[in-house]
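Overview (structure and organization)
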Amino acid sequence: QVQLVESGGGLVQAGGSLRLSCAASGIIFSTNAMNWYRQAPGKQREFVAQITTHNNTNYADSVKGRFAISRDNLKKTVYLQMNSLKPEDTAVYYCHTRTWRDYWGQGTQVTVSS
């Protein structure tokens, strides 16, 4: 019954911002690290950002200084604030966590126009 549901994707111009949300259910949210991955057409899925149970964060080099991951344990939601967006950020963004196995959301499309 674990479910991760992403939202907040859309079409933005280069230099703009979006905030993605991932609502989790079926897990004890506060004990899980949460991650964001993305996959562009024709490319492998790549790591974007992680936030641990202690609110430590890790980012891919390509998004450092532009993206910020955060979590709200009461709302059981993880966020990805994306600023200074570039066309190369265009991808489907996926929420991910792991308990005894990996769980993935359905993905939300982010398109950045030039």
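See the structure above.
The structure reproduced in this document is the subject of the present report. Quick caveat: nothing in here was measured; it's all calculated off a predicted structure. (Residues numbered from 1 in each chain as written. Predicted model: local features only at pLDDT ≥ 70, side-chain atom pairs only at ≥ 80, totals over all residues. Heavy atoms only, no water.)

**Some points on the environment of threonine 108**
- Within the element layout of this structure, threonine 108 appears in strand β11 (residues 108-113).
- A sequence separation of 13 residues divides threonine 108 from cysteine 95, and the C-alpha atoms of the two residues are 9.1 Å apart.
- Look past the residues within four positions of threonine 108 in its chain and what remains in contact with it is Glu6, Ser7, Gly8, Gly9, Leu20, Ala91, Val92 and Tyr93.
- A polar atom in the side chain of threonine 108 sits 3.2 Å from the backbone nitrogen of glycine 9. (Helix = DSSP H or I, 4+ residues; strand = E, 2+ residues; numbered from the N terminus. Contact = heavy atoms within 4.5 Å. Polar contact = N/O pair within 3.5 Å; in protein donor to acceptor, adjacent residues only side chain to side chain.)

**So, the state of the cysteines**
- In total, this model carries one disulfide according to the counting rule given.
- One disulfide bridge connects cysteine 22 with cysteine 95, the sulfur atoms lying 2.1 Å from each other. On the sign convention where negative is left-handed, the bridge of cysteine 22 and cysteine 95, at about -80 degrees about the S-S bond, is left-handed. Of this pair, cysteine 22 sits in strand β3 (residues 18-25) while cysteine 95 sits in strand β9 (residues 91-98); the two residues are 73 residues apart in sequence, bridging distant segments of the chain. There is no split in this pair, since cysteine 22 and cysteine 95 are both buried. (Disulfide = S-S within 2.5 Å. Buried < 20%, exposed > 50% of the residue type's maximum accessible area, 1.4 Å probe, protein only.)

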